[in-house]
Every structure is written in structure tokens, then in C-alpha cells.
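Listed here are the chains, written in short residue letters.
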Amino acid sequence: MPRYPARLDDWRRAGRIAGRARELGLRLARPGTARRELAEQIEAFIRDQGAEPAFPTNLSRNWEAAHYTPSETDTELLVPGDLLKVDVGAHIGGAIADTAGTVEVGETHRHDRLVKAVRDAVDAGIQAVRPGGSVDAVSRSIERAIHAQGYKPVVDLTGHTIESYVLHAGKSIPSVGGYSTASLEEGEIVAIEPFVTNGEGHIEDGPFGNIVRFRADPGNKDPVLARAFARFRTLPFTTRWVADPEEKTALKRARRLLQTYPVFIETGRGWVAQAEHTVLVGPAGAEVLTAA
Ligand code: CO
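Conventions adopted
Residues numbered from 1 in each chain as written. Predicted model: local features only at pLDDT ≥ 70, side-chain atom pairs only at ≥ 80, totals over all residues. Heavy atoms only, no water. Pairing = 2+ DSSP bridges. Helix = DSSP H or I, 4+ residues; strand = E, 2+ residues; numbered from the N terminus. Contact = heavy atoms within 4.5 Å. Axes fitted to C-alpha atoms, helices over the stretch in contact; angles between N-to-C directions. Buried < 20%, exposed > 50% of the residue type's maximum accessible area, 1.4 Å probe, protein only. Phe/Tyr/Trp six-rings, centres within 6.5 Å; stacked < 30°, edge-to-face > 60°. Lys NZ or Arg CZ within 6 Å of the ring centre and 35° of its normal. Salt bridge = Lys/Arg side-chain N within 4 Å of Asp/Glu carboxyl O. Donors = N, O, S within 2.8 Å, 3.2 Å for Na, K, Ca; no water. Tetrahedral: all angles 85-135°; square planar, octahedral: opposite > 155°, others 65-115°. Core = buried A, V, L, I, M, F, W, Y, C linked by side-chain atoms within 4.5 Å.

Asker: Teacher, can you tell me more about the sheet that holds strand E9 (residues 195-197) here?
Answerer: Backbone-to-backbone hydrogen bonds join strands into a sheet, with any given pair of strands oriented parallel or antiparallel. The sheet built from 3 strands is open, its strands ordered E5-E9-E12 with antiparallel pairing. Since the sheet does not close on itself, it has two edges, and those belong to strand E5 (152-153) and strand E12 (272-274), each with one partner. In this structure, E5 lies alongside E9, joined through 2 bridges in antiparallel fashion. Within E9, the position partnered with lysine 152 by the bridge is threonine 197. Contacting E9 and E12, helix H3 (residues 112-127) crosses the sheet at an angle of about 150 degrees to E9.

Encoded structure:
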């Protein structure tokens, strides 16, 4: 018997909201736009639509592949030629959608082929999803689409299954064949998420990207911390979302309880493009939940 998540309607609704938030972000990414304001506009849209951000909006640029969100004091403006990844998440009571797109700021058309390659790759991956089918078939399709455009997949970054309140659940979806022996089950929620580069195809840890996550429930000893955990659970968040100074201090004190995320940087300082959709594994194949 296939096992679908409870409240499937919430997963579909979170998907539609995340898809529209992604398109909004890609549209607003223009020369002179502040990265912090862009993140805030995307997150405000998600809340307006009746969902919560599932993680801080990732606005990674150029050879930053992922995991940068602006801090509350970030003043950086986008400039023409920036290759910006807009990676957004929305959730409704733990029903999570994760989606991303890449835009070249100012339409300089320097990276059209790279952006096309990653779009082809995510589409090819989605087409290869079958209930009971192998993850490796998806990975091979992604890899083939990337190589067809003469680029490299970023090997260290993968798609992933999603469960209630768990953004990265048990299975990884590599962007190259030969790594996974898992199969996909009907009813699973899967983020298909290739990264493409003209660099070396690997990432290294950069500086702190302003994203943290509770490793576990801190319990009730500190009521301020308990309040923060009630809001974020184990999903990634950023201090940009924490307005209360008492809560900010409590989180600083509790650093041991928090996982911190470094920015992922392409090792060859190559350009990096990303595309991502969250899909439901249906009886005939993938149902894309994060279409625009
Ligand atoms: Co993802």
C-alpha cells in the first residue's frame, strides 16, 4: 500500500505558495536591489499567503552555491551580471515545499547556457521519477542533461526526500549516477535539486551564512528558548527573524544547541546555477508541487 503524507492538501498548498514566492524573487532581483530587502519581500509574501518560511530565503550569488541568507545588517546590492540563486521554502504545519531558480541580474546574457542547463537538468530529473523506480535513474538523467550542455554537476550537493518538519529526510538524490541504490516510493515527497557549474564541480565551506537550526528540543528550562523552539522546531532559521532582544541573547547563549551553516562555495570559483522543484511521487510519476 502506498503511504502518502497526512494532509496532502497542505503539501500542495505550500508548494503553490513556494512556487509563486520563487517567481516573485526572480522577478524582483534587479540591479540595485538590496539582498536583505529581497529576502524580506519573499518571506513576507509567504506569510501573507498563509504559510511560514520553511527556512530563511537563500540568496547565494555567483560561486556561492547555497546557504547564504542576508543578516539583519546586510547592505549589499545586486549588480548587473550577478548570478543569483533564489532558494525558498514554505511550510504549513510542517508540510514543506522547497524550490529554487536562478536569474542573471540585469539580463547581461552571459550565463544563458548555464541557466538553461540547470533547467533542463531539473526537468530531466522530474521526468525520470517513477513509483518504485530507482533514484539512480533520476540521477543519471540529471547528469546526462548537464553534460549535454558541456557543464559539470556539483557532486557534493544533492536533492532530498522531505517529511513533516524534516527538510532533509532519509534519501539523497545525487546529480550524478552510480551513487544511490535507493528507490522512490509512491507517496514520497522529493526535492529534485541539481546545481550546475563551469568550475570544478565541488564545494567547500565558506563563512557563516546567517542560518542556524536547533539540533534538538532544548526543553523547558529556559522559557525564552522554549518559545523559540516552539516557533522554529528543527527547521533552519535566521536571527533576522528574531526581533525580541531577550530571545536573541538566549539564542547566543545556547549556541551549543544550534547547528550553524556555512555558505557553500564552489571550489574552483566557477559560476553556479541551481534549479529545484518539490514533487510528490504519484501513481504515474512526479506531480510537481512547486510549479509557478
Ligand atoms: Co532543497
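Asker: Explanation requested: unusual backbone geometry in the structure shown.
Answerer: As a rule of thumb, non-glycine residues mostly have phi less than zero, and peptide bonds are mostly trans rather than cis. Positive phi, normally seen in glycine, also occurs at arginine 7, with a value near 55 degrees. Along the chain, arginine 7 turns up in the segment before helix H1 (8-28). Since its relative accessible area comes to 40%, arginine 7 is described here as partly exposed. Unlike most non-glycine residues, asparagine 210 shows phi in positive territory, near 70 degrees.

Asker: Which parts of the structure should I look at to understand the packing of aromatic side chains?
Answerer: Any pair of aromatic rings gets described here by the distance separating the centres and the angle formed by the planes. Scanning the model with the defined rule gives 5 aromatic pairs in all. Through pairs of rings, three or more aromatic residues link up here, namely Phe214, Phe229, Phe232, Phe237 and Trp241. For arginine 47, the ring lying beneath its charged end belongs to tryptophan 241, and the centroid distance is 5.4 Å. Lying over the aromatic face of tyrosine 165, arginine 233 brings its terminal NZ or CZ to 4.2 Å of the ring centre.

Asker: How should the pattern of salt bridges be read in this particular structure?
Answerer: Between side chains of opposite charge, pairing is possible as soon as their charged atoms come close. Applying the stated rule across the entire model yields 19 salt bridges. Across the pair aspartate 136 and arginine 140 runs a salt bridge whose closest N-O atoms are separated by 2.7 Å. Separated by 4 residues within a single helix, aspartate 136 and arginine 140 lie in helix H4 (residues 135-148), roughly one turn from each other. Exposure remark for aspartate 136: the relative accessible area of 13% places this residue in the buried category.

Asker: What am I meant to see in the coordination of the cobalt ion here?
Answerer: Working reference: metal with six octahedral donors, ideal angles 90 or 180 degrees; metal with four tetrahedral donors, ideal angle 109.5 degrees. In the first shell of the cobalt ion, the protein supplies Asp98 (OD), His160 (NE2), Glu193 (OE) and Glu276 (OE), at 2.0 to 2.5 Å from the metal. With 4 donor atoms in place around the cobalt ion and angles of 83 to 167 degrees between them, the coordination shape is irregular. Along the chain, the residues that donate to the cobalt ion are spaced as D-x61-H-x32-E-x82-E. Highlighted residues: histidine 160 in strand E6 (residues 159-162) and glutamate 193 in the loop between strand E8 (189-192) and E9, separated in sequence by 33 residues. With respect to class, histidine 160 is no different from glutamate 193; both count as buried.

Asker: Looking at this structure, I do not really get the nonpolar core. What am I missing?
Answerer: Generally speaking, soluble globular proteins have nonpolar side chains that are buried together. Counting 25 residues, the largest nonpolar core has Val138, Leu184, Val190, Ile192 and Val196 as the members making the most contacts within it. Every element with two or more residues in this core is listed here: H3, H4, E8 and strand E13 (277-281). At 7 residues, H3 tops the list of elements feeding residues into this core. Ignoring sequence-local partners within four residues, the contact set of isoleucine 192 consists of Val122, Gly125, Ile126, Val129, Val138, Ile142, Ala275, Glu276, His277 and Val279.

Without other data, these values stay purely geometric and don't point to any function.
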